[in-house]
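# Structural overview
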Amino acid sequence: MKKTLLLAFAMMIVATGAYAQKKTTANNKRIPASVAINDDGTRNDNSAKVLATIELPPADMGLEMPFREVLKNRCTQRNILPEELPIEMVSSLLWSAYGFNRPEESKRVAPSAVNAQEYDVYLFNHEGIFFYNAEKNSLEMVAKGDHVKDISEQKFFQEAPIALVLVANYDRMEMFKDKEVRDFYAAVDCGYISQNIYLFCSSAKLSTVACGGINRDKLAKLIGIKNGKAMLAHPVGLSK
Ligand SMILES: Cc1cc2nc3c(=O)[nH]c(=O)nc-3n(C[C@H](O)[C@H](O)[C@H](O)COP(=O)(O)O)c2cc1C
């Protein structure tokens, strides 16, 4: 009996050690957004220049609804108004989607397999494309122009004031040697971010749609995706 307990204890230590090792490896491989930007403004992962930076206000708008009601109201709504959203709302939306809820541990509101944190969130509006720098709580313009219409051909999408594009960066997923396994985890991780967007929109009474029918080739060129994929896009706006 004593021996079995000792063996179980020893196995627990080995298992915990292995997991801790795995976590450290994952964190080392992660390229935090701020580190990925070079002195000259280019990115290591997509080499886009930062043309302008918008500091975001704290994320404390639209998050008051009781959770039961948030779940009750969660739905896909294509009745999106073209009106601009207040910047406070945009800040809360981005934080809810993919912000850091435990900044001291570099951890986010959405989980990711082996803590790869492989997603980058881009905000498209009718003036440009912006990288969401969650660490700095800012939006960094990486391209000018109205490219919302380039994401999707669906009318409700093109009329939305903003759209979030969820991009998996496979450079942060090198721990998955098997491509099928990597793609599986990238798809699962995407779902958490997408659901966070849905839940925030429910809470803030906004309309959104998870859109898989998007122009991935165009997005890869616009964003400068080298080793990754634009998985889903969410147009977001006030409801009609
Ligand atoms: C992965 C995924 C991809 C989707 N792609 C599209 C899309 O390209 N266009 C669209 O109008 N709706 C799209 N939807 C929305 C679904 O049609 C919607 O979630 C479904 O009808 C269920 O409705 P509900 O979200 O209100 O429960 C997508 C949903 C998911 C989860």
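Everything that follows concerns the structure shown earlier in this document.
We now turn to the structure provided with this report. None of these values were measured; they are calculated from a predicted model. (Residues numbered from 1 in each chain as written. Predicted model: local features only at pLDDT ≥ 70, side-chain atom pairs only at ≥ 80, totals over all residues.)

## Points about the overall build of the chain
- Counting its regular elements, the chain contains seven helices and nine strands.
- Burial analysis of the chain (240 residues in total) assigns 39% to the buried set.
- Here the contacts in the chain between residues at least 6 apart in sequence split such that 73% fall between residues at least 24 apart. (Helix = DSSP H or I, 4+ residues; strand = E, 2+ residues; numbered from the N terminus. Buried ≥ 20, exposed ≤ 12 C-beta atoms within 10 Å, placed from the backbone. Contact = placed C-beta atoms within 7 Å.)

## Description of unusual backbone geometry
- With a phi close to 45°, Q117 is a non-glycine residue in the positive phi region.
- Assessed through the 27 C-beta atoms surrounding it within 10 Å, Q117 is described here as buried.
- Even without glycine at this site, K205 takes up a positive phi of about 60°.
- Inspection of the secondary structure puts K205 in the loop between α6 (179-204) and β8 (206-208).

## Topic: the pairing of strand β6 (residues 138-144)
- Relative to β6, strand β1 (residues 52-55) runs antiparallel, the two sharing four bridges. Note that in β6 the partner of T53 across the bridge is E140.
- Where strand β5 (residues 128-133) and β6 come together, six bridges link them in antiparallel fashion. Within β6, the residue paired with I129 across the bridge is A143.
- Linking β5 back to β6 in an antiparallel pair, the connection comprises four residues, with N137 at a positive phi of about 50°. (Pairing = 2+ DSSP bridges.)

## Side note on the site of the ligand
- Inspection of the region around the ligand gives C75, T76, Q154, V209, A210, C211, G212 and G213 as its neighbouring residues.
- Split into classes, the residues belonging to the shell around the ligand amount to four nonpolar, four polar and no charged. (Near = placed C-beta within 6 Å. Nonpolar A, V, L, I, M, F, W, Y, C, P; charged D, E, K, R; others polar.)

## Some details on the environment of C201
- Relative to the elements of secondary structure, C201 occurs in helix α6.
- Sequence separation of C201 and N73 is 128 residues, and the distance between their C-alpha atoms is 9.3 Å.
- Not counting residues within four places of it along the chain, the set of residues in contact with C201 comprises L206, S207, T208 and V236.

## Section: α6
- Relative to the 38 Å expected for 26 residues at 1.5 Å per residue, α6 spans 37 Å between its end C-alpha atoms, a close match to the ideal helical length.
- Every buried residue of α6 is accounted for by A186, D189, C190, I193, S194, I197, Y198, F200, C201, S202, S203 and A204.
- In this structure, the buried residues of α6 make contact with α2 (67-73), α3 (87-98), β4 (119-125), β7 (162-169), β8 and β9 (228-238). (Expected span 1.5 Å × (residues − 1).)

## Looking at helix α7 (residues 216-223)
- Taken as a whole, α7 has its buried residues at L219, L222 and I223. Buried residues of α7, viewed axially, fall in a sector of 85°; they line one side. In α7, the exposed positions angled more than 90 degrees off the buried face are occupied by D217 and K221.
- Buried residues along α7 sit against β4, β5, β6, α4 (148-151), β7 and β9. (Arc of directions from axis to C-beta.)

## Remarks on the sheet that holds β5
- Across the sheet, which stays open at both edges, the seven strands sit in the order β1-β6-β5-β4-β7-β9-β8 with antiparallel pairing between neighbours. Each of the sheet's edge strands pairs with one partner strand only, and the pair in question is β1 and β8. The sheet shows a mean angle of 30° between the axes of neighbouring strands, taken without regard to direction.
- When β7 meets β9, the two strands line up antiparallel, connected through eight bridges. Paired with N169 across the strands is G228, a residue of β9.
- Seen against the sheet, α3 touches β4, β5, β7 and β9 and runs at an angle of roughly 155° to β4. (Axes fitted to C-alpha atoms, helices over the stretch in contact; angles between N-to-C directions.)

## As for the nonpolar core
- If you look at the biggest cluster of nonpolar residues, it comprises 58 residues, and the most contacted ones within it are Y122, Y132, A163, L164, V165 and L166.
- For this core, the element with the highest residue contribution is α6, accounting for eight residues.
- Ignoring sequence-local partners within four residues, the contact set of Y132 consists of L94, Y98, V121, Y122, L123 and L139. (Core = buried A, V, L, I, M, F, W, Y, C linked by C-beta atoms within 7 Å.)

## Comments concerning the environment of F131
- Counting through the fold element by element, F131 comes out in strand β5.
- Taking the C-beta count within 10 Å as the criterion, F131 has 25 such neighbours and is therefore assigned buried.
- Sequence separation between F131 and D120 is eleven residues, and the spatial gap between their C-alpha atoms is 7.5 Å.
- Setting aside its immediate chain neighbours within four residues, F131 contacts D120, Y122, E140 and V142.

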